[in-house]
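Read off the chains here:
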Amino acid sequence: KLSQDPQPPARCSLETGPFIFHYVIERGVCFLVLCEHSFSKRLAFSFLEDLQTEFTSNYGQKVDSVSRPYSFIEFDSYIKKSRKNYMDSRARKNLSNINTELQDVHRIMVQNIEDVLVRGESLSALDSKASNLSVISQKYRKDARYLNLRSTYAKIAAIVIVIIVLLLFLRYTIW
């Protein structure tokens, strides 16, 4: 099936009778494991990702320059050790617990990011309200100056009218 597909998926599982092949392709290297149907798919891919990480860190630079078969035969010791850890039921239980903890941490981190985004939205709303408040206060200042000016004109006009009336009264009563 892999050879028939010109662009095989980077992660896939292929069923063959009572077994399943799980594989991960990374940088031209295929990491493959054969498991029984009952073996956890997540654990199988975790095993492959563990192998991929270790192989890439130790031999990633050498892959393109390999000229002979079995150039990385010493990696077999790591594969055996890792396989033993993944096959041990206690180790699987520990991995399951670790995966559960990782899922909890992932959920908490997603919640924290959502909270930060909500706070960011709140801050942007607060910023826009502050901008609006600044505009309104400037308008209030302008209106207050206008009203003070009108009030001053009204007072001056009242005084002028009183003076004119007093002058008219004095002019007509004295003559």
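As the structure is a computational prediction, the values presented were derived from the model and not from experiment.

J.: Lay out the sheet that holds strand S3 (residues 29-36) in plain terms, naming residues and giving numbers.
T.: If you trace the three strands from one edge of the open sheet to the other, you get S1-S2-S3, paired in antiparallel fashion. The open sheet terminates on both sides in strands that have one partner only, identified here as strand S1 (11-16) and S3. Taking the axes of each pair of neighbouring strands and ignoring which way they run, one obtains an average angle of 20 degrees across the sheet. The pairing of S1 with strand S2 (residues 19-26) spans six bridges and is antiparallel. Bridge assignment links Cys12 to a residue of S2, and that residue is Tyr23.

J.: Provide a residue-level description of the packing of aromatic side chains, including the pertinent values.
T.: Remark: the centre distance and the inter-plane angle together describe each pair of aromatic rings, the angle taken between the planes. Within the structure shown, the criterion is met by seven aromatic pairs. Their ring planes at 75 degrees and their centres at 5.2 Å tell us that Phe55 and Phe75 sit as a pair that is edge-to-face. One end of the pair, Phe55, is in helix H1 (residues 41-59); the other, Phe75, is in the loop between H1 and helix H2 (76-87), and 20 residues separate them in sequence. Considered together, Phe55 and Phe75 belong to a single accessibility category, that of buried residues. Here the aromatic rings of Tyr59 and Phe72 are separated by 5.0 Å at their centres, their planes lie at 55 degrees, and the arrangement is tilted. Taken together, the residues Tyr59 in helix H1 and Phe72 in the loop between H1 and H2 connect sequence positions 13 residues apart. Through a chain of ring-to-ring contacts, three or more aromatic side chains come together here, namely Phe31, Phe55, Tyr59, Phe72, Phe75 and Tyr78. Between the NZ or CZ atom of Arg11 and the centre of the ring of Phe45, over which it lies, the distance is 4.2 Å. Geometry around Tyr172 places Arg171 over its ring, the cationic atom sitting 5.8 Å from the centre.

J.: Hey, could you go over the packing of H1 against H2 for me, with residue numbers and the actual values?
T.: Interhelical geometry of H1 versus H2 gives an angle of 155 degrees and a closest axis separation of 11 Å. As judged from the angle between their axes, H1 and H2 are roughly antiparallel. Considering the relative orientation of H1 and H2, their crossing is right-handed. In this structure, H1 uses Leu43, Ser46, Phe47, Asp50, Leu51 and Glu54 to contact H2, whose residues at the interface are Tyr78, Ile79, Ser82, Arg83 and Tyr86.

J.: Run through H2, naming residues and quoting values.
T.: The end-to-end C-alpha separation of H2 is 16 Å, in line with the 16 Å expected for 12 residues at 1.5 Å each. Turning to H2, its buried residues are Tyr78, Ser82 and Tyr86. All buried residues of H2 project into a common sector of 65 degrees when viewed along the axis, lining one side. Among the exposed residues of H2, those oriented more than 90 degrees off its buried face are Ser77, Lys80, Lys81, Arg83 and Lys84.

J.: Talk me through the pairing of S2; I want residue IDs and the actual numbers.
T.: Two successive antiparallel strands, S1 and S2, enclose a turn made up of two residues, where Gly17 displays a positive phi of approximately 65 degrees. What sits between the antiparallel neighbours S2 and S3 is a turn of two residues, in which Arg27 has the positive phi angle 55 degrees.

J.: Before we move on, could you go through a nonpolar patch on the surface and cite the residues and values that matter?
T.: A cluster of nonpolar side chains, contributed by Leu149, Tyr153, Ile156, Val160, Ile164, Leu168 and Tyr172, occupies part of the molecular surface with about 720 Å² of accessible area. The topology assignment puts Leu149 in helix H3 (residues 89-174).

J.: Can you lay out the environment of Val110 for me, pointing to particular residues and giving the numbers?
T.: Within the secondary structure, Val110 is located in helix H3. C-alpha of Val110 to C-alpha of Leu123: the two residues are 13 residues apart in sequence and 20 Å apart in space.

J.: Provide a residue-level description of the side chain of His22, including the pertinent values.
T.: Take His22: it is sitting in strand S2. A polar contact is formed between the side chain of His22 and the side chain of Ser13, at a distance of 2.6 Å. Look past the residues within four positions of His22 in its chain and what remains in contact with it is Cys12, Ser13, Phe31, Leu32, Val33, Cys35, Lys41, Ala44, Phe45 and Leu48.

Cut-offs applied
Residues numbered from 1 in each chain as written. Predicted model: local features only at pLDDT ≥ 70, side-chain atom pairs only at ≥ 80, totals over all residues. Heavy atoms only, no water. Pairing = 2+ DSSP bridges. Helix = DSSP H or I, 4+ residues; strand = E, 2+ residues; numbered from the N terminus. Axes fitted to C-alpha atoms, helices over the stretch in contact; angles between N-to-C directions. Phe/Tyr/Trp six-rings, centres within 6.5 Å; stacked < 30°, edge-to-face > 60°. Buried < 20%, exposed > 50% of the residue type's maximum accessible area, 1.4 Å probe, protein only. Lys NZ or Arg CZ within 6 Å of the ring centre and 35° of its normal. Parallel < 35°, antiparallel > 145°, perpendicular 65-115°, else oblique. Left-handed = near helix turned anticlockwise from the far one by under 90°. Contact = heavy atoms within 4.5 Å. Expected span 1.5 Å × (residues − 1). Arc of directions from axis to C-beta. Patch = residues over 30% accessible without salt bridge, like charges linked within 9 Å, V, L, I, M, F, W, Y side chains within 5 Å. Areas by Shrake-Rupley, 256 points an atom, 1.4 Å probe, with all protein chains shown as cover. Salt bridge = Lys/Arg side-chain N within 4 Å of Asp/Glu carboxyl O. Polar contact = N/O pair within 3.5 Å; in protein donor to acceptor, adjacent residues only side chain to side chain.

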